[in-house]
Amino acid sequence: MKIIFGPVNSRRFGLSLGVDLSAGGKQCNFDCVYCELRAAKPVREQKNVVAVGEILAELEDYLERGVAFDILTLTANGEPSLYPHLKELILALKNRVRDKKILILSNGTAVLDADKFEALLELDVVKFSLDSAIERTFFRIDRALRGIDLNLMVEKMAEFGQKFRGELVMEVLVVAGLNDKEEEFLALNEALRKIAPLRVDLSTLDRPPAYAVRAVSEERLVELSWLIDSVPVLISRRQYGGRRLRFSEEELLKMLALRPQSEMDVEASFDADSKRILSKLLAQGRVRTVSLAGVRFYGAYLG
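First things first, this report covers the structure right here in the doc. Remember, it's a predicted structure, so these values are computed and weren't measured experimentally.

## Considering the sheet that holds strand S10 (residues 288-292)
(1) Moving on: Reading across the sheet, the three strands line up as S9-S11-S10 and stay open at both edges, with antiparallel pairing between neighbours. Because the sheet does not close on itself, it has two edges, and the strands there are strand S9 (261-262) and S10.
(2) Moving on: As paired strands, S10 and strand S11 (residues 295-299) are joined by five bridges and run antiparallel to one another. For Ser 291, the partnering residue across the bridge sits in S11 and is Arg 296.

Put into structure tokens, the structure is as follows:
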């Protein structure tokens, strides 16, 4: 049973070394329709628990071999925050890899548990999923354990964001016919406004799912992204096939004042003239760049 895997190259977080906190099989309090793992009944807690010492021993082997990585990522065949020794593990990892950031990829339910909430505050980067802010859609997509209170989870995510001193990122995965409507994204926009993460990553299916659901087009992702104006949006494109966008200087300044654009978005969708204008505006100091949890964004302010 292998616990440590990778490293894998992530455009969003750099070179990531993974720690699978459910290496023996799927253990999750969700059964998301888009999950690439087999369908399985949601559980409240892990039954098969790997020891903290076993995780650290396997990590030590990687460190002794000098394996290069930028970030240590806590993930799982399921939900990593179900791991019962989470805070103990995080503190031990922080002590061992002091020069690396530690990230967790979570469905967000950890904020509903006071101990897990406190444990996640020790991390450098936290990424929560939120596929819908509308209860009926949330349960249709995430097939979560009944009793999980979506509204409370959003409120607790907002509280977590206020207390967290690291980098908070949100993720929304769009499924055709489920959360790809305007009302969904207007509700998500308000939820994200409360949570106030550094950015939200917007994506759709790119692997065979557990259930018979479909991806939306990347053009639709772009359309939906414009309904989110409360936080910067990163569209996780697989292969951008849309037309190249052309902006005048005035149009570019106005857009960047209203909606920061990621470096990936610029590279994928701006035409050559627009990129030249952007470079000129950067040189003039009329556009600035900022790194939001490892992703570079361009922004501007009018007036």
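## Quick look at the packing of helix H5 (residues 150-163) against helix H6 (residues 182-195)
(1) Moving on: The contact between H5 and H6 brings their axes to 7 Å, and the two run at 35 degrees. Residues Val 154, Glu 155, Met 157, Ala 158 and Gly 161 of H5 pack against Ala 191, Lys 194 and Ile 195 of H6.
(2) Moving on: Of the residues that constitute the contact of H5 with H6, the class distribution is five nonpolar, one polar and two charged.

## Comments concerning the environment of Ala 51
(1) Moving on: Among the secondary structure elements, Ala 51 is positioned in the loop between strand S2 (14-20) and helix H1 (52-64).
(2) Moving on: Of the residues examined, Ala 51 reaches a relative accessible area of 40% and is grouped as partly exposed.
(3) Moving on: Separated by 26 residues in the primary sequence, Ala 51 and Gly 25 have C-alpha atoms spaced 15 Å apart.

## Points about the packing of aromatic side chains
(1) Moving on: The full count for this structure, using the stated rule, is six aromatic pairs.
(2) Moving on: Here the aromatic rings of Phe 30 and Phe 138 are separated by 5.7 Å at their centres, their planes lie at 80 degrees, and the arrangement is edge-to-face. In this pair, Phe 30 sits in the loop between S2 and H1 while Phe 138 sits in helix H4 (residues 135-142), placing the two residues 108 residues apart along the sequence. Like Phe 30, the residue Phe 138 is buried in the burial classification.
(3) Moving on: Members of the aromatic cluster, joined through ring pairs, are Phe 117, Phe 128, Phe 160 and Phe 164.
(4) Moving on: Looking at Lys 100, its charged tip hangs above the ring of Phe 69, at a distance of 5.1 Å from the centre.

## As for the layout of surface pockets
(1) Moving on: Within this model, the second largest pocket holds a volume of roughly 320 Å³.
(2) Moving on: Broken down by class, the residue content of the lining of the second largest pocket amounts to six nonpolar, five polar and five charged.

## Description of the pattern of salt bridges
(1) Moving on: By the definition in use, this model includes 23 salt bridges.
(2) Moving on: The partner of Glu 60 in a salt bridge is Arg 96, with the nearest N and O atoms 2.7 Å apart. Taken together, the positions of Glu 60 in helix H1 and Arg 96 in helix H2 (residues 86-96) put the pair 36 residues apart, joining distant regions of the chain.
(3) Moving on: A salt bridge links Lys 101 to Glu 167; the shortest N-O distance between them is 3.3 Å. Of the two residues, Lys 101 is situated in strand S4 (residues 101-106) and Glu 167 in strand S6 (residues 167-174); the sequence distance between them amounts to 66 residues.
(4) Moving on: Since its relative accessible area comes to 39%, Lys 101 is described here as partly exposed.
(5) Moving on: Residues joined by salt bridges that share partners form a network here, namely Lys 127, Glu 171, Arg 199 and Asp 201.

About the thresholds
- Residues numbered from 1 in each chain as written.
- Predicted model: local features only at pLDDT ≥ 70, side-chain atom pairs only at ≥ 80, totals over all residues.
- Heavy atoms only, no water.
- Pairing = 2+ DSSP bridges.
- Helix = DSSP H or I, 4+ residues; strand = E, 2+ residues; numbered from the N terminus.
- Axes fitted to C-alpha atoms, helices over the stretch in contact; angles between N-to-C directions.
- Contact = heavy atoms within 4.5 Å.
- Nonpolar A, V, L, I, M, F, W, Y, C, P; charged D, E, K, R; others polar.
- Buried < 20%, exposed > 50% of the residue type's maximum accessible area, 1.4 Å probe, protein only.
- Phe/Tyr/Trp six-rings, centres within 6.5 Å; stacked < 30°, edge-to-face > 60°.
- Lys NZ or Arg CZ within 6 Å of the ring centre and 35° of its normal.
- 1 Å grid on protein atoms, 1.4 Å probe; cavity = no way out; pocket = protein on both sides within 12 Å on 5 of 7 lines; lining within 4 Å.
- Points joined across faces, edges and corners; volume = space filled by probe spheres on them.
- Salt bridge = Lys/Arg side-chain N within 4 Å of Asp/Glu carboxyl O.

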